[in-house]
Amino acid sequence: MPAFTLYGSRGSTNTDRVRLTLAEGGFTDYELVLLNLQKGEQKSEENMKRHPWGKIPVITFPEGFTLYESRAICKYLARKYSFPLLPPDSDVEAAALFEQAQSVEMLYFAEPAGRIAFEKFVKKFMGLPPNDAVVSDALRSVEMFFDVAECLLQQKDYMAGKGFTLTDIYYIPLIQRLFACGYGDIILSRKAVSAWWDRCMNRPAIQKMLAADKEAAAAARK
């Protein structure tokens, strides 16, 4: 029996956040159950019992413990299985900087980047046109965010300091979505941000997972 079950969906940035964390931790003892969001399976009675808002991802353990929200799941798994993705609790300052970086990602980056992803990516699959005003406003916010990040990353290698942490993982799925929507230049045009992105994407575990996803996507199209 696997250690736990991860309920998610292919192409879900929130699911990928958890999968990247597991990949970096080298953890494979889990079952991935894919829900079809287009069919509304996340709103099924069964999934509503796991997640009261009918969302993904969710993890469930055989003994009954259930946890939802991707960042909470990532942090829990890193602590439970001792993934080297969190600062030690004994280093109060490093832990505080991690929490700060985590808040910055969620409030200043993920919110506007998520709006872009929804308007330019999700709506395409829904057969709906994007709201260009929403996209333009969100793009301004993302540009301003990375202007600041460019300055900060000239002084450190990763978002929370010298080492790669969960905070860096949190960025990856939505930045990939920005590239898919044609906005990769936001990253590549900023030298320090681009170098940070390369450091993240060149990590062996991340490369392995993304390559496997590409193969799976190609096979599904045949």
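Residues numbered from 1 in each chain as written. Predicted model: local features only at pLDDT ≥ 70, side-chain atom pairs only at ≥ 80, totals over all residues. Heavy atoms only, no water.

### Focus: the nonpolar core
One recurring pattern in soluble globular proteins is that nonpolar side chains are buried together. Short version of the rule: Side-chain atoms within 4.5 Å are what join buried Ala, Val, Leu, Ile, Met, Phe, Trp, Tyr and Cys residues into a set we call a nonpolar core. The rule is simple: take the accessible area with a 1.4 Å probe, protein chains only, and divide by the maximum for that residue type; under 20% is buried, over 50% is exposed, in between is partly exposed. Only DSSP runs of H or I reaching four residues or more are called helices, and only runs of E reaching two or more are called strands; each is numbered from the N terminus.
Judged by nonpolar contacts, the single largest core of 55 residues is most densely connected at Phe109, Phe146 and Trp196. Per-element accounting of this core gives the leading share, 8 residues, to helix α6 (residues 166-180).

### Details of the sheet that holds strand β1 (residues 4-8)
Using the following cut-off: Two strands make a pair as long as DSSP finds a minimum of two bridges between them. Helix axes are fitted to C-alpha atoms over the stretch in contact, other axes to C-alpha atoms as well, and angles between N-to-C directions run from 0 to 180 degrees. In what follows, residue pairs with any heavy atoms lying within 4.5 Å of each other are defined as contacts.
If you trace the 4 strands from one edge of the open sheet to the other, you get β2-β1-β3-β4, paired in mixed fashion. Taken across any chain shown, the strands that pair with only one partner, and hence form the sheet edges, are β2 (30-34) and β4 (66-68). Across this sheet, the average inter-strand angle for adjacent strands is 20°, counted without regard to direction. Pairing analysis gives 3 bridges linking β1 to strand β3 (residues 58-60), with the strands arranged antiparallel. Residue Leu6 lies in a different strand from β3, and its bridge partner there is Ile59. Strands in contact with helix α1 (residues 13-25) are β1 and β2; relative to β1, the strand with the most contacts, it is inclined by about 145°. Against the sheet, helix α3 (residues 70-80) contacts β1, β3 and β4, and its axis sits at roughly 130° relative to β4.

### Some details on the pairing of β1
What counts here: Looking down the strands as they point away from you, a crossover is right-handed if its path from the first strand over the helix to the second goes clockwise.
Most of β1 is tucked away, with 5 of its 5 residues classed as buried. Along β1, one buried face is formed by Phe4, Leu6 and Gly8 and the opposite face, lined by Thr5 and Tyr7, is buried too. In this fold, β1 hands off to α1, which returns the chain to β2; that crossover is right-handed.

### Focus on the packing of aromatic side chains
Put simply, the rule is: What counts as a ring pair is set by centres within 6.5 Å for rings of Phe, Tyr and Trp (its six-membered ring), and what kind of pair is set by the plane angle: stacked under 30 degrees, edge-to-face over 60, tilted for all other angles. We call a charge positioned above a ring when the Lys NZ or Arg CZ atom is no farther than 6 Å from the ring centre and deviates by at most 35 degrees from the ring normal.
Tallied over the full model, the rule gives 21 aromatic pairs. Centre to centre, the rings of Phe145 and Phe146 are 5.0 Å apart; their planes meet at 80°, and the pair counts as edge-to-face. An aromatic cluster is defined as three or more aromatic residues linked by ring pairs; in this entry it consists of Phe4, Phe27, Tyr30, Phe61, Phe65, Tyr76, Tyr81 and Phe83. Seen from the ring of Phe121, Arg177 lies directly overhead, with NZ or CZ sitting 3.9 Å from the centre. Its end group placed over the ring of Tyr158, Arg199 keeps NZ or CZ at 5.7 Å from the ring centre.

### Here we look at the packing of helix α4 (residues 92-126) against helix α5 (residues 132-152)
Rules: Note: crossing handedness is left-handed where the near helix turns anticlockwise from the far helix by less than a right angle, and right-handed where it turns clockwise.
Direction vectors running N to C along α4 and α5 enclose 145°, while the axes themselves pass 9 Å from each other. Once α4 is placed against α5, the crossing between them reads as left-handed. Across from Val104, Tyr108, Phe109, Pro112, Ala113, Arg115, Ile116, Glu119 and Lys120 in α4, the residues of α5 making contact are Val134, Val135, Asp137, Ala138, Leu139, Ser141, Val142, Phe145 and Phe146.

### Structural notes on the pattern of salt bridges
Pairing is possible between side chains that carry opposite charge, provided their charged atoms lie close to one another. Applied cut-off: Counted as salt bridges are all cases of a side-chain nitrogen of Lys or Arg within 4 Å of a carboxyl oxygen of Asp or Glu.
Per the stated rule, a full pass over the model turns up 13 salt bridges. The salt bridge partner of Arg203 is Glu24, with a shortest N-O separation of 3.0 Å. Within this pair, whereas Arg203 is found in the loop between α8 (191-201) and α9 (204-221), its partner Glu24 is found in helix α1, the two being separated by 179 residues in sequence. Owing to a relative accessible area of 24%, Arg203 belongs among the partly exposed residues under this scheme. Between Asp137 and Arg140 there is a salt bridge, with the nearest N and O atoms lying 3.6 Å from each other. Placement of both Asp137 and Arg140 in helix α5 is noted, with a separation of 3 residues, approximately one turn of the helix. Relative accessible area serves as the criterion here: at 34%, Asp137 is assigned to the partly exposed category. Salt bridges linked by common partners bring Arg10, Asp16, Arg19 and Asp213 together as one network.

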